[in-house]
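Coordinates in review
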Amino acid sequence: SAFASHVITLAGLAVPKPETLSYAEAAALPIAFMTAVHSLRHVARLREGERCLIHAAAGGVGMAAVQVAQAAGAEIFATAGSDEKRDLLRSLGVQHVMDSRSLSFADEVRELTNGEGVDVVLNSLGGEAIPRSLALVRPFGHFVEIGKRDIFQNSRVGLRPFSKAISFHSVDLDRLIRERYSYGGELLHEVMEGFAGGTFKPPPVHVERVDHVHRAFRMMAQARHVGKLSISFEGVAATRDETQPTVRGDGTYVVTGGHGALGLAVARRLAERGAGAVALIGRRKAPKHVQEAAAEIESGGTRVILDVADATSEDDLAGVFERLRSGDAPEV
């Protein structure tokens, strides 16, 4: 629902937008920086002087990870898929930059580290790049996987690298926020504190209007973007296809909590839009004022059906639909 006009979230997962950030930048930051901070600070516990290999470092998470690693005082090794992206990483102060579209990075890292390898790998590459990167992790190091493809495909890796007592971590920020949202909120606040304190800076953000959203998806699919992509609704008028009625005159609309003020307001709105029938469901028999409101709505041509059911009970609701279908109400 990222392109919805309105969203509802838990208060703990919302923070004020820093005044120094544009709306496009603010939209682009949370997931990338939360992933980088969680992966490098909290999972891998990257420390000053350690070596960190960041794959696809010119992407959103990659550029965020570069900043997290720099703040930790780590020596950074990075890969990127084009000369332009590699030049950008060098301009950001990344010491060692290699090609992510080739497996030659493994030999380059070994040469640069005198065969020792790195302490942390932040990986989003797939296929053979995974075992090649695992083999680069030196004893007691961490391999953090943020990609999904090889996990969903149940790809296999050998256990030999783990003889060095290294750790393999799989990061799924979407699941983390859903199932451990209190920690997700803490992580979001930690990221925003980094921006407020000047530790973090927004990466480049390419903005496309929502009516040109296909361009953004094409750019992402072709890996042509640097940093993040944001979708803007500015200057785009909301439209609706008036040729297709949103409320049907030959249908019955069931409103749970229908005996309350909100339920009655919904019923009136449905009636105004031409609903054939409205079934108002409440836990108890409809009181007199609800019956009077139902009669008023019916005077406008919409049939109102009052029924008793517990909306949290599957059996109760099944009974409501059975009664509606067995009666003469329009299609439910």
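First, a word on scope: everything that follows refers to the structure included in this document. (Residues numbered from 1 in each chain as written. Predicted model: local features only at pLDDT ≥ 70, side-chain atom pairs only at ≥ 80, totals over all residues. Heavy atoms only, no water.)

Of the regular secondary structure elements, the protein chain holds 12 helices and 11 strands. For 332 residues, the compact-globule estimate of 2.2 N^0.38 gives 20 Å, and the protein chain exceeds it by more than 25% at 28 Å. Looking at the protein chain as a whole, 39% of its 332 residues qualify as buried. When contacts within the protein chain are restricted to residue pairs at least 6 apart in sequence, long-range pairs at least 24 apart make up 64% of them. The centroid of the 38 positive side-chain charges in the protein chain is displaced by 2 Å from the centroid of its 41 negative side-chain charges. (Helix = DSSP H or I, 4+ residues; strand = E, 2+ residues; numbered from the N terminus. Rg over C-alpha atoms; globule rule 2.2 N^0.38 Å. Buried < 20%, exposed > 50% of the residue type's maximum accessible area, 1.4 Å probe, protein only. Contact = heavy atoms within 4.5 Å. Lys, Arg positive; Asp, Glu negative; His and termini not counted. Charge placed at Lys NZ, Arg CZ, Asp CG, Glu CD.)

This part covers helix H1 (residues 23-43). Its 21 residues place the ends of H1 29 Å apart at the C-alpha level, agreeing with the 30 Å of an ideal helix rising 1.5 Å per residue. Note on H1: the residue one or two positions beyond its end, Arg45, has a positive phi of about 50°. (Expected span 1.5 Å × (residues − 1).)

This part covers the pattern of salt bridges. Per the stated rule, a full pass over the model turns up 19 salt bridges. Between Arg86 and Asp83 there is a salt bridge, with the nearest N and O atoms lying 2.7 Å from each other. Within this pair, Arg86 and its partner Asp83 are both found in helix H3 (residues 83-91), separated by three residues, close to a single helical turn. Asp83 gets classed as exposed once you look at its relative accessible area, which sits at 55%. The shortest N-O distance in the salt bridge between Arg175 and Glu179 comes to 2.9 Å. Residue Arg175 and its partner Glu179 are located together in helix H7 (residues 173-179), separated by four residues, close to a single helical turn. Judged by its relative accessible area of 47%, Arg175 is partly exposed. Salt bridges here are not isolated pairs; linked through shared partners, they connect Arg51, Glu75, Glu116, Asp119 and Arg138. (Salt bridge = Lys/Arg side-chain N within 4 Å of Asp/Glu carboxyl O.)

The next subject is helix H11 (residues 288-298). Residues Val290, Ala293, Ala294 and Ile297 constitute the buried set of H11. Within H11, the buried residues cover an arc of 105° as seen down the axis, which keeps them to one side. Residues Lys288 and Glu296 are exposed on H11 and point more than 90 degrees away from its buried face. Contacts from the buried residues of H11 go to helix H10 (261-272) and strand S11 (303-308). (Arc of directions from axis to C-beta.)

Turning our attention to the sheet that holds strand S5 (residues 137-145). Read across the open sheet, the six strands follow the order S3-S2-S1-S4-S5-S6; overall the sheet is parallel. Pairing within the sheet leaves two strands with one partner each, and these edge strands are strand S3 (96-99) and strand S6 (167-170). Neighbour to neighbour, the strand axes of the sheet diverge by 15° on average, direction disregarded. In terms of strand pairing, strand S1 (residues 51-54) meets strand S2 (residues 75-80) through four bridges, oriented parallel. Residue pairing for S2: Ile54 is matched across the bridge by Ala78. (Pairing = 2+ DSSP bridges. Axes fitted to C-alpha atoms, helices over the stretch in contact; angles between N-to-C directions.)

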